[in-house]
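Summary of structural features
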Amino acid sequence: MPAITVPLTHYREYSPDDMQQRARTFADDLHRRRTVRDFSSKAIPEGVLSDCLRAAGSAPSGAHLQPWHFVVVTDAVIRQRIREAAEAEEREFYASRAPAEWLAALEPLGTDPNKPFLETAPALIAIFGEAYGELPDGTRRKHYYVTESVGIATGLLIAAVHNAGLVSLTHTPSPMGFLNELLGRPARERPFLLLVVGYPADDARVPDIARKPVEQIVSWV
Ligand SMILES: Cc1cc2nc3c(=O)[nH]c(=O)nc-3n(C[C@H](O)[C@H](O)[C@H](O)COP(=O)(O)O)c2cc1C
């Protein structure tokens, strides 16, 4: 069956100069993003997260099955429960589960099992990947490239949050199964990560780390 198509009306072509300028400005702006672990409790203006999530939902996905679900948690009691569950997993991780090599890699970041930001920050976005879909009659629909698709949507969300002037922390307490239970999500949705979002604390500090220069991460053939 041939695909039903429509004209590509939203494409915009820029002059080479404008193109260079836009590419540079965008890269410079993304390089100002830092993962923040010291959050203020200041509320996020109404509607902002909704637009950031709309940006995330523009991501391409395997066979366009959009295998993602986002739960925005602002409720203080649920954030407290998430903190308790995450810290319990993290205590085990740091005490016994993490191999020495992993702990050594984390050392420059100064992270530990305490996650006060899960309660301080005004919003947590729990991101789930749908292992498979469910049709209205209850039958399963296979999903393709779920991890890749959800990863791209999450990247767009992180960029959108940064673009809005907020900061985020990509948090991955391991394992994260407690999120299904606390947020009432079905087993076919696998927790992908927890994005902590808000304003930085006035005295927020970040690890002094460098990013690889473009020459080191790219080969041109
Ligand atoms: C998949 C993924 C998982 C991460 N998990 C955690 C985490 O559980 N806790 C944490 O403090 N940072 C976590 N981070 C944040 C990284 O430590 C951070 O991105 C890295 O140190 C680079 O810092 P930058 O984002 O400021 O460039 C994670 C990042 C990614 C992409």
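As shown above, the structure is provided for reference.
Remember, predicted model here, so these are calculated numbers, not experimental data.

**Some points on the site of the ligand**
Around the ligand, the neighbouring residues are R33, R34, T35, R37, L109, T111, L169, T170, H171, T172, I209 and R211. T35 is positioned with one of its side-chain polar atoms (N or O) 2.5 Å from an oxygen atom of the ligand. At 3.1 Å, a backbone N or O of T170 approaches a nitrogen atom of the ligand. About the coverage of the ligand: the protein hides 67% of its 630 Å² of free accessible area. Among the detected pockets, the ligand sits in the largest pocket. Considered class by class, the residues forming the shell around the ligand number three nonpolar, five polar and four charged.

**Side note on the layout of surface pockets**
Its volume calculated, the largest pocket comes out at about 330 Å³. Lining the largest pocket are 16 residues, and of these E90, L106, T170, H171 and T172 sit closest to its centre. Counting residues per element, the ones that place at least two in the lining of the largest pocket are α3 (76–97), α4 (100–106) and β5 (167–171). By volume, the second largest pocket is sized at about 210 Å³.

**Some words on the sheet that holds strand β2 (residues 123–130)**
As summarised here, the arrangement of the four strands in space is β1-β2-β6-β5, forming an open sheet in which the pairing is antiparallel. Of all strands in the sheet, those bounded by a partner on one side alone are β1 (68–73) and β5. On average, each strand axis in the sheet is tilted by 25° relative to the strand beside it, whichever way the strands run. Pairing geometry for β1 and β2, over six bridges, is antiparallel. Bridge pairing in β2 links V72 to I125. Across the sheet, helix α2 (residues 48–56) touches β1, β2 and β6 (189–198), and the angle it forms with β1 is around 165°.

**Some points on the nonpolar core**
Within the largest apolar cluster, 23 residues are counted, with the highest numbers of intra-cluster contacts made by F70, I125, I127, L157, L195 and V197. Listing elements by their share of this core, those giving two or more residues are α2, β1, β2, α6 (146–163) and β6. Sorting elements by how many residues they give to this core places α6 first, with seven residues. When neighbours within four sequence positions are excluded, L195 is seen to be in contact with A123, L124, I125, I127, L157, I158, S168, L169 and T170. Core analysis: the next-biggest nonpolar cluster, separate from the first, contains 21 residues, A85, L118, M176 and L194 among them.

Reading guide: rules and limits
Residues numbered from 1 in each chain as written. Predicted model: local features only at pLDDT ≥ 70, side-chain atom pairs only at ≥ 80, totals over all residues. Heavy atoms only, no water. Near = heavy atom within 4 Å. Polar contact = N/O pair within 3.5 Å; in protein donor to acceptor, adjacent residues only side chain to side chain. Areas by Shrake-Rupley, 256 points an atom, 1.4 Å probe, with all protein chains shown as cover. 1 Å grid on protein atoms, 1.4 Å probe; cavity = no way out; pocket = protein on both sides within 12 Å on 5 of 7 lines; lining within 4 Å. Sits in = over half its atoms within 2 Å of the grid points. Nonpolar A, V, L, I, M, F, W, Y, C, P; charged D, E, K, R; others polar. Points joined across faces, edges and corners; volume = space filled by probe spheres on them. Helix = DSSP H or I, 4+ residues; strand = E, 2+ residues; numbered from the N terminus. Pairing = 2+ DSSP bridges. Axes fitted to C-alpha atoms, helices over the stretch in contact; angles between N-to-C directions. Contact = heavy atoms within 4.5 Å. Core = buried A, V, L, I, M, F, W, Y, C linked by side-chain atoms within 4.5 Å. Buried < 20%, exposed > 50% of the residue type's maximum accessible area, 1.4 Å probe, protein only.

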